[in-house]
Structures are given as C-alpha cells and as structure tokens.
Amino acid sequence: LRALKALGIEPTVCHMNEGHAAFLAAERIRQVMERSGAGFAEAKAVVAASNVFTTHTPVPAGIDVFPPDLVERYFAPCCAQLGLSRDQFMAFGRQNPADPNEPLSMAVLAIRLSGATNGVSALHARVSQRMWAGLWPDVPVDDVPITSITNGVHVRGWLSQDMAGLFDAYLGPRWVSHPADQSVWERVEQIPDAELWRTHERRRERLVGFARRRLRMQLEQRGAPPAEREQAEEVLDPKALTIGFARRFATYKRATLLFTDPGRLSRILSDRDRPVQIIFAGKAHPADQEGKDFIRRIVHFARQPEFRHRIVFLEDYDIKVGRYLYQGVDVWLNTPRRPLEASGTSGMKATANGAINISILDGWWDEAYDGTNGWAIGRGEEYQDTGYQDQIESQALYQILESEVVPMFYARGRDGLPREWIRRMKHAMRTICPVFSAYRMVREYTERLYIPAGQQWERLGAD
Ligand SMILES: *Cc1c(COP(=O)(O)O)cnc(C)c1O
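Residues numbered from 1 in each chain as written. Predicted model: local features only at pLDDT ≥ 70, side-chain atom pairs only at ≥ 80, totals over all residues. Heavy atoms only, no water.

Overview of the sheet that holds strand E1 (residues 14-17)
Reasoning step 1: Strand order in this open sheet of 4 strands is E1-E2-E5-E6, and the pairing throughout is parallel. The open sheet has two edge strands with one neighbour each: E1 and strand E6 (146-148). Each strand axis lies, on average, 30 degrees off the axis of its neighbour in the sheet, ignoring direction.
Reasoning step 2: Sheet analysis places strand E2 (residues 51-54) next to strand E5 (residues 116-119), joined by 3 bridges and oriented parallel. Its bridge partner being in E5, Phe 53 is matched across the sheet by Thr 117.
Reasoning step 3: With respect to the sheet, helix H2 (residues 23-36) is in contact with E1 and E2, its orientation differing from that of E1 by roughly 160 degrees. (Pairing = 2+ DSSP bridges. Helix = DSSP H or I, 4+ residues; strand = E, 2+ residues; numbered from the N terminus. Axes fitted to C-alpha atoms, helices over the stretch in contact; angles between N-to-C directions. Contact = heavy atoms within 4.5 Å.)

Structural data, given as structure tokens:
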C-alpha cells in the first residue's frame, strides 16, 4: 500500500488473497484517516466495505496466529495512529473480542475487516461457514456470509507445446482468447483419437526420460555407487500406465494412502501384461514431521526390489517438475481427507493435458466430477475414525485401479488405441477445462466481488 501511495495510486478495492495480507487493512484505514481527517470508525467502514478476502484453508495449522505481546511489540505505533488500544485492535482478530488472552488470528482479522469473504470451492465455502460461524453469533450457519468462487488454472500456461499445437489445429484460436467458452471445448471431440493418443504418449515418454535423469542426479548427489546410478536408466516404462502424485506433503493429503496394503499394490504394479507405475514428487513443510515421514516411507518403498522399477520419488518438487508430470501422466491421483482440501488445482492442470483424475470427492473435484469424467474414491463421506477411513478409502482406490482403470487403459483395439480411455480423456477435457479456468475465476471475482466493492468505496467515501 505504501509503494502504491508513493506512486500516487490509491486503490479502490483491495483483495486480501489469504490471511497473510490482512495487516493491509490496518494500513489502509490509517491512510484514509490521514488523508480525510476521518475518525477510525468512519475510515474503517469505508475500507472494510471495499476489501475482499479469500480464505484458502480449513486446516488450523495453515492460519497464522500471533500472541498479544508480539502484536504489542510490532503494532504499538500503528494502534496509536489508529487511536486504538492494543486490545481494541486485537479484538478485530479475535473470535471472542472480549477474551484478552486470545491470540490475533490473521483469518479473523481479514474477515472482520472485509466486506466480502469467499472460499475457493463450493464445498470449502460451506466448510468455512461452519468454521467461522462464531463470528456471526446471531446468524444461522447457512446464512453466514461466506460465498464461493472456485479456483481455476491458466490452461495455456500449463499445457504442453504438443497439446497446444493440437488445440490450435482442432479447437481454433478461441481456446486461447475465450478459454471459458463451453462451445470451444466441445470441439475436443473432433480431435482424431490416434492423434490425441500419439501426442499424449509422446509426453509420457518425455516424462519418463525426465524422471530417469532426475533420479540419476539424486543418486549422484547422495553418493550412491555407480551400479545403482546406472539402474536409474532402467526405472519406469515409457508405455506403462503412469500415475502421478505431486503436491505439498501436508498430512491431510495422505501421500502414502496407496501403501496401506503393500502386497495388493505390488500385485497391481507388477502385472507383466498390464504394468502400472507411480511417480511421486513433493515437499513437506520444514516443521511438519509427519509430512517428512511420508516422504521417508515412499523413498523406502521405492527402494524395495518389487517396487524399484515401478515407483519413483522426485525431489525438489517445483513448477518445472510439476509441468513434466501434469503433461505426461495418464492418471492424476489425489487422496485428501475430506473436507480439508480447500480446492486443489493440480488436477485441473493435468486434465487439460489429457490426464484423468482419481480423487476423493473433496475441494474442486466434489463439484467437477460428473460420474464419467474421471473416478471418485468414495461418495463424499466424512469419518470420525481416521484409521478406519484410511482402510476404507485405500481399498476403494485399489478396487478402482484393479477393476476399472487398468482394464480400460489396456483395452486396445487392433490399432493399438484405448478407445474407451480416450473417450474419457475427451469427456474430462470438455467438461473441466472451460469451467476450472482462471479466466472464469477472474471474471467471477470481478463481477461478483470487485465491482460491488468498488461501488461501496465510491458511495461511502463520497461524503
Ligand atoms: C499446482 C501446483 C501446486 C498445487 O497443487 P495442489 O494439488 O492444488 O495441492 C503446488 N505446487 C506446484 C509446483 C504446482 O504447480
């Protein structure tokens, strides 16, 4: 805000995209008071009405909270300028404003100082209504004013060159200029099966090559003996059904769910005629011991003789690694513990590249899944007993792989094409790309939140 002020720009609407940004509300109030001579209450009314807040997680560990003495230390001058005592300031960040021991929550601060709050999927908005109902003690939960704008991805930015070329040829230029237009994506059906499949297989081969190089590099860095390094050249199979799993290793994402029954997993992966392989990538938060243990377990499994050629863990997950994976896998797997995945976006990126999602019905997938554009693990159940949940849901996942995914992928016609699989790929692209697009998302933010917030700024600030 101070940088904008130095440039002579006074924003009419501020979007606090995640609670980390919430202190800007205090600074914005301070600036309005300074410029207009208004008191705190008036300035706060104008500013809050023209702030928008997006909450991104129902996981408490993902929300910053600060104890009163820390707020005192850093915000004493700010409180003085706002004409507030420390506890008056803290009250905006407390669920119970009267509790002098409650820490300051950045999410609460953002909600109390915004005119509109949204979650990042329909399900996440409902969960957020329950989570923050205490801030509106007189309002029924269903009426808590937290709306939803589902995330979307910038399709062109995540798409392989190969697939983009195919879209240019068969969808025309409007897939770039009007990516949220349903009719553009209907034309996916016109891409010849053989061409789509060849394009996809080329990307899978590229992914396998990339994974081998990275694995070799990892082994070298670890000082592995030459014989072991050589083996990196032989892991994975460019023709095998390839499952990708890459994301932050937050506990609720359950990266190791597939290993609940190692024997059953081994049988799925090592079928000689219908091999399956899995590429994992991801990082744990430095303070998340359980997340790090997940990585340790996967690395351990990947070294066992029965898994060595079929499971790879890629270190240093970042956008480049992500891109290779989204662009080359056949299946994108997501196993969050519902309802903790606020949205999830990697599955959207994978879909545009022709991957098919298998996921718990959580976050975006709860609204994207239509019965035939991928696979759902379970029916959106929520459990008290997480051990029991892991049992049930891992078995459901094995069942889907064994009875649907593997047979469909390997059901080849005389031309070598998996027709049914390709039909599902196309159906997924057609139903998901236009909806879970950043273009649609930004338009929704603009029309539903920014423009009304800007009008409030004008109206309340006029006099
Ligand atoms: C898309 C993406 C994410 C987010 O993935 P989720 O499945 O939504 O958790 C994280 N990291 C990278 C590098 C990504 O590209």
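Thoughts on unusual backbone geometry
Reasoning step 1: Put simply, Arg 338 and Pro 339 share a cis peptide bond, and its omega is 5 degrees.
Reasoning step 2: Assignment of secondary structure puts Pro 339 in the loop between strand E10 (331-334) and helix H17 (346-352).
Reasoning step 3: Even without a glycine there, the phi angle at Leu 236 is positive, about 65 degrees.
Reasoning step 4: Within the element layout of this structure, Leu 236 appears in the loop between helix H13 (226-231) and strand E7 (241-246).
Reasoning step 5: Given a relative accessible area of 4%, Leu 236 falls into the buried group.
Reasoning step 6: With a phi angle near 55 degrees, Asp 316 is a residue other than glycine that sits in the positive phi range.
Reasoning step 7: Its place among the elements puts Asp 316 in the loop between strand E9 (311-314) and helix H16 (319-328). (Buried < 20%, exposed > 50% of the residue type's maximum accessible area, 1.4 Å probe, protein only.)

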